[in-house]
Amino acid sequence: MKKRWQHCHAATMAGGKYSVIEDAVILTDGARIEWIGPRAAAPESGDCERVDLDGAWVTPGLIDCHTHLVFGGDRSGEFEERLQGVSYAEIAARGGGIASTVRATREASEDALFDTAKARALGLMREGVTALEVKSGYGLDLANERKMLAVARRLGEALPLTVRATCLAAHALPPEYANRADDYIAYVCDEMLPALVADGLVDAVDAFCEHIAFSTQQVERVFRCARDLGVPVKLHAEQLSSLHGSTLAARYRALSADHLEYMTEDDAIAMAQAGTVAVLLPGAFYMLRETQLPPIDALRRHHVPIALASDLNPGTSPALSLRMMLNMGCTLFRMTPEEALAGVTIHAAKALGLQSTHGSLEAGKAADFVAWRIGRPAELSYWLGGALPNRVVRGGVEIDVARIA
Ligand code: NIG
Ligand code: FE
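Everything numeric here is computed off the predicted structure, so don't read it as measured data.

### Some details on the packing of helix H6 (residues 181–198) against helix H7 (residues 216–229)
Right, on to step 1. Here H6 crosses H7 at 20°, and the two axes come no closer than 10 Å. When the axes of H6 and H7 are compared, the pair comes out roughly parallel. Along this stretch, H6 crosses H7, giving a crossing that reads as right-handed. Residues Ala181, Asp182, Ile185, Ala186, Cys189, Leu193, Pro194 and Val197 of H6 form the contact with H7, whose participating residues are Gln218, Arg221, Val222, Cys225 and Leu229.

So this is what it looks like as structure tokens:
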């Protein structure tokens, strides 16, 4: 079914820029964009459905490339403790933090996890998200990691949403492996990853490289295993300290290294050479009251693509809004609204290995886009969250998120 979407302006985000087309026409054929350009140059589209977008600004569908949105329970109690001055690392050391979400996630049924995750995903979709990543990492044994990844797959089947599933088994040490981190990594590499990859549940493998999690040597073991299984890697790196996990990630041609507050210029150079995306997570920066800024200027200087994501998780970033992250990327990290929008479109697509099909409005790519009732693209970063009126199109079909229950 061919459609002609007209009476709009487009911020295509091709090449990481707005690449504005005023008075644009988008021709779609089924789930793909067939042509996009100025109305004056549009080919005759004959007998097709015409959709009037009423002067809207059209952007690619937003992509949240780093979430942990499948989890049991919440950590609002720890939030209150942190407000009293207890640190994230202190809470983790006494068995709270990630470990407490692991307990709640293990106790939850797959259906219960699906229901809460679906509600969070719908909230993101309402603000124009058409693709997102879901990480495991609160199961930490084969059955529970499988349960989380199965929920991620079910979300992609049940909703008009592209979902990438990332196995983050090396997120934290489960209690049954206390003081035996190397044994746990061996379990991850010898049993969990091969089984989960064989089940078709893993699009990428991630790990948490940090003094409160896993060392670079342990992460490298996970990366080698992923490489042998033919699965790309990503890494939580340089969030709380500088271990040069991002350089290690670059050596393994990681899709992305994420967080990065404590990264160095040499890390940025390694990432640029490898084409590894820097995923910045202002929600976690804000919630942890971090003061060390990620080195935006070094990333710019070395042309590292910068993505922004919600990091939606119950501990460090209970962020239910990706659009809020656009504002925070600008206000906290001094990104421009154009960089911020590239960070949730074309660069986010690259962080998920989807850049050839998603992330920009170009002929041949998925017809995933959002028509916003705004006067300028910068408004997407300017308004601090809130429901900006929009129409969301996924795979060439307009979706009514409010009616998906
Ligand atoms: O991305 N850094 C590690 N992982 C998550 C936090 C998970 C949690 O606290 O539950 C993050 O910030
Ligand atoms: Fe994370």
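### Regarding the coordination of the iron ion (ligand 2)
Right, on to step 1. Around the iron ion (ligand 2), the protein contributes the donor atoms His66 (NE2), His68 (NE2), His236 (NE2) and Asp311 (OD), at 2.0 to 2.4 Å from the metal centre.
Right, on to step 2. Of note, the iron ion (ligand 2) draws all its donor residues from one chain, in the sequence arrangement H-x1-H-x167-H-x74-D. Of the two residues, His68 is situated in the loop between strand E5 (62–64) and helix H1 (76–83) and Asp311 in the loop between strand E12 (306–308) and helix H12 (322–331); the sequence distance between them amounts to 243 residues.
Right, on to step 3. Note on His68: relative accessible area 2%, which makes it buried.

### Quick word on the site of ligand 1
Right, on to step 1. Neighbouring ligand 1 are 15 residues, the closest being Arg75, Tyr88, Tyr138, Gln239 and Thr316.
Right, on to step 2. Separating a nitrogen atom of ligand 1 from a side-chain N or O atom of His171 is a distance of 2.8 Å.
Right, on to step 3. At 3.1 Å, a side-chain N or O of His236 approaches an oxygen atom of ligand 1.
Right, on to step 4. For ligand 1, the accessible surface in isolation is 330 Å², of which the surrounding protein chains cover 100%.
Right, on to step 5. Considered class by class, the residues forming the shell around ligand 1 number four nonpolar, nine polar and two charged.

### A closer look at the UniProt feature "binding site: N-formimidoyl-L-glutamate" (unreviewed entry) in the protein chain
Right, on to step 1. Here, UniProt's "binding site: N-formimidoyl-L-glutamate" (unreviewed entry) annotation points to Tyr138, Asn313 and Gly315. A maximum C-alpha distance of 11.6 Å places the annotated residues, which cover 178 residues in sequence, within one compact spot.
Right, on to step 2. Along the chain, Tyr138 turns up in the loop between strand E6 (129–135) and helix H5 (142–158).
Right, on to step 3. Counting through the fold element by element, Gly315 comes out in the loop between E12 and H12.
Right, on to step 4. Look at Gly315 and you get buried, because its relative accessible area is 4%.

### With respect to the sheet that holds strand E4 (residues 49–60)
Right, on to step 1. If you walk across this open sheet you meet the seven strands as E3-E2-E1-E4-E13-E14-E15, and the pairing is mixed. Only two strands of the sheet have a single neighbouring strand rather than two, namely strand E3 (32–38) and strand E15 (397–399). The sheet shows a mean angle of 40° between the axes of neighbouring strands, taken without regard to direction.
Right, on to step 2. The pairing of strand E2 (residues 20–29) with E3 spans six bridges and is classified as antiparallel. Within the sheet, the bridge partner assigned to Val25 lies in E3 and is Gly37.

Parameters and conventions
Per chain, residue numbering runs from 1 following the sequence as it is written. Written order determines the labels here, with chains lettered from A and ligands numbered from 1. Where totals are concerned, whole chains, interfaces and linings use all residues; where local detail is concerned, this predicted model gives features only for residues with pLDDT of at least 70, and gives and counts side-chain atom pairs only at 80 or more. By convention in this description, side-chain values take in all heavy atoms of the structure and omit both hydrogens and water. The angle between two axes is taken between their N-to-C directions and runs from 0 to 180 degrees, where each axis is a line fitted to C-alpha atoms and a helix contributes only its stretch in contact. Helix and strand definitions here come from DSSP, where helices need a minimum of 4 consecutive H or I residues and strands a minimum of 2 consecutive E residues; each element is numbered from the N-terminal end. Oblique is the label for every angle not falling under 35 degrees (roughly parallel), over 145 degrees (roughly antiparallel), or within 65 to 115 degrees (roughly perpendicular). For any helix crossing, the convention is left-handed if the near helix is rotated counterclockwise from the far helix by under a right angle, and right-handed if that rotation is clockwise. We call two residues contacting when some pair of their heavy atoms lies within 4.5 Å. Sites may look incomplete because water is not among the atoms; the donors themselves are N, O and S atoms within 2.8 Å of the metal, or within 3.2 Å for Na, K and Ca. Partly exposed describes any residue whose relative accessible area lies between the buried limit of under 20% and the exposed limit of over 50%, with all areas from a 1.4 Å probe on protein chains only and scaled to the type maximum. Summary of the distance rule: residues count as near a molecule or strand when at least one heavy atom falls within 4 Å of that molecule or strand. Pairs of N or O atoms within 3.5 Å make up the polar contacts considered here, provided that, within protein, one atom can donate a hydrogen while the other can accept it, and that residues adjacent in sequence are counted only when both atoms are side-chain atoms. What sets the accessible areas is the Shrake-Rupley method with a 1.4 Å probe; for residues, cover comes only from the shown protein chains. Residue classes follow a fixed rule: Ala, Val, Leu, Ile, Met, Phe, Trp, Tyr, Cys and Pro count as nonpolar, while Asp, Glu, Lys and Arg count as charged, and any other residue, Gly among them, counts as polar. UniProt positions are given in the numbering used here, feature names are shortened, and annotations may be inferred rather than shown by experiment. The rule for pairing is simple: two strands pair if DSSP sees at least two bridges between them.

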